[in-house]
Amino acid sequence: MPRYTVHVRGEWLAVPCTDPQLTVGWLGREAVRRYMKNKPDNGGFASVDAVRFLVRRCKGLGLLDNEDLLEVALEDNEFVEVVIEGDAMSPDFIPSQPEGVYLYSKYREPEKYIDLDGDSLTTEDLVNLGKGHYKIKLTPIAEKKVQQSREVIDSIIKEKTVVYGITTGFGKFARTVIPVNKLQELQVNLVRSHSSGVGKPLSPERCRMLLALRINVLAKGYSGISLETLKQVIEAFNASCLSYVPEKGTVGASGDLAPLSHLALGLIGEGKMWSPKSGWADAKYVLEAHGLKPIVLKPKEGLALINGTQMITSLGCEAVERASAIARQADIVAALTLEVLKGTTKAFDTDIHAVRPHRGQIEVAFRFRSLLDSDHHPSEIAESHRFCDRVQDAYTLRCCPQIHGVVNDTIAFVKDIITTELNSATDNPMVFASRGETISGGNFHGEYPAKALDYLAIGVHELAAISERRIERLCNPSLSELPAFLVAEGGLNSGFMIAHCTAAALVSENKALCHPSSVDSLSTSAATEDHVSMGGWAARKALRVIEHVEQVLAIELLAACQGIEFLRPLRTTTPLEKVYDLVRSVVRPWIKDRFMAPDIEAAHRLLLEQKVWDVAVPYIEKYRMEHIPESRPISPTAFSLESLHKTTKIPESEDL
């Protein structure tokens, strides 16, 4: 028998349906009837028939037609809301929607699993878990370690030993001993009181990453959580039951307490939750819809769920992966701009970079050669100015290996720190089963990822700073030898005039965002937490900086492709023509002015999905194989000295 969970004025009602031929209107009336039945004053209504209402899905918030049949309009056990005429659309239903709510319907339950052991998670793995590509299961070794650590906690409880966070209060209340019969209540109170975040909730993707990373840390076996509880957490992840986690509220020590508490709050059946099946609803109903029960916290388990740097680190993983993607694509975009501006390839000669052998610099110079080498990829544009009198180019073209190169090395440095943090135990107190004891320490302090992510923002920003200057050169006819603002009939048409302004605005905003958050600290928790990392803001603003970098490079990519239109019928190199064709598959040339924002977003999407890299990388790697014997592909964020030593002199064509 189908059943629906209906939200009416802040209350949730389970409404069974005996006849599939009943309508959405019947469901609304029946829900209102049940709501009135529970109210001494009938909820202020004279009768059910006097109530006028709308019905909408909780998932996606789409309005339903009251005449539609339930079997056609709704799935079994779907969540809906009845909105009474004259009421607001239930502002308490969900305080704020996360960004990208329209994309939620694309989620498909994965079939593959990732085995977590607490020691081998990668940044790529975590991002893929966030995207919903995998479910989670524990390795047998991890299960054993979790059981052993729990035995230590059970022993402490049995022997009534005084241990911080297990038989005492927290922070300033560390010397307050809690009676044994209050230890479970202590853990629930901890989660409730610490759920004090504000702001927009994390998107399902980011919440999934946060939950997966917390599971990985618990799997290490130093947290004292029971295997039974951990498996309940994993079941919630695998069902994509995701708590409402506001993005603001952590100071990054003692860990990310506020966001992780919101994460745990949903797991114990309180607060709000989202799943692909239910949309946003009360946590207990979302869990019930998936056949799950709220977690009943045992001693130490509330603390085990909320103590650690997982908010900083999970957002840091996304930042590192997106930074890697845009850094390698920035080389391709810049190479295209160099072609349009009729620059020289001489600055990318191997001998120049061999005498200043930074790994990132060498790799970027190599990519430019692989895309622009006229002997390997004939370019009619390059041929057209082979005998010009230009000696050298502006720094924004000539110095790309040096500037882009250090960005690659920065990303490699940060990725190393974030990868270590992914597989680190960041609880307090730590449970050491081999010693049969717990030890209080400071692994929850977020200074490592906070400092690294501040550095990442500063480093990656430079890709936008140099890109904006190249956009200026493309748009300025005195520098480009192209029509002003890359459009015909200038004056009547403004072309890329304001697209360049947008790039300048984003670069300027990044300059403020690049101010390090980790240089700040405010004493909290009655001076017991007297130095904090502010790592949550470091992670969030690093992501914003990276998004701005992507958008600026999207504008440069469009501008460079538009510049090629004025050089036709001349063609550039084969790999860059492939990039041009990719862009033209989603954005047509500008003949006259048109609404430009959708085109910028389309180009941004190409970069976000790494399609620009995908079309160019086969040519880059083929060139590598042909010019560097026995070489292997060099990761844009993980260079090796071995690959550096194997770099040989690559023959260059004449200076262009």
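Structural data are supplied above this passage.
Residues numbered from 1 in each chain as written. Predicted model: local features only at pLDDT ≥ 70, side-chain atom pairs only at ≥ 80, totals over all residues. Heavy atoms only, no water.

## Considerations on unusual backbone geometry
The amide bond that connects Ala253 to the next residue, Ser254, takes the cis arrangement and shows omega of 5°. Looking at the element boundaries, Ser254 is found in the loop between strand S10 (246-248) and helix H8 (257-267). Here the amide bond leading from Asn428 into Pro429 is cis, since omega sits at -5°, within 30 degrees of zero. Relative to the helices and strands, Pro429 resides in the loop between helix H16 (400-422) and strand S13 (430-432). A positive phi angle is found at Glu489, which is not glycine, with a value near 55°. Tracing the backbone through its elements, the reader meets Glu489 in the loop between helix H18 (477-480) and helix H19 (497-513). The exposure class of Glu489 is exposed, given its relative accessible area of 57%. The phi angle at Ala526 is positive, at roughly 55°, despite the residue not being glycine. The topology assignment puts Ala526 in the loop between H19 and helix H20 (535-565). (Helix = DSSP H or I, 4+ residues; strand = E, 2+ residues; numbered from the N terminus. Buried < 20%, exposed > 50% of the residue type's maximum accessible area, 1.4 Å probe, protein only.)

## Brief notes about the sheet that holds strand S3 (residues 53-57)
Strand order in the open sheet formed by 5 strands is S2-S1-S5-S3-S4, and the pairing between neighbours is mixed. Both outer strands of the open sheet, strand S2 (11-16) and strand S4 (63-64), are each paired with one neighbouring strand and no more. As paired strands, strand S1 (residues 3-8) and strand S5 (residues 79-84) are joined by 4 bridges and run parallel to one another. Looking at S5, one finds that His7 is bridged to Glu81. Running at roughly 125° to S2, helix H1 (residues 24-37) makes contact with S1, S2, S3, S4 and S5 of the sheet. (Pairing = 2+ DSSP bridges. Contact = heavy atoms within 4.5 Å. Axes fitted to C-alpha atoms, helices over the stretch in contact; angles between N-to-C directions.)

## A look at the pairing of strand S6 (residues 113-116)
Alternating positions in S6 separate cleanly, Ile114 and Leu116 being buried on one face and Tyr113 and Asp115 remaining unburied on the opposite face. Across 4 bridges, S6 lies against strand S7 (residues 135-138) in parallel orientation. Bridging across to S7, Leu116 finds its partner in Leu138. Taken together, S6, helix H3 (residues 123-130) and S7 constitute a β-α-β crossover, and its handedness is right-handed. (Right-handed = clockwise from strand over helix to strand, strands pointing away.)

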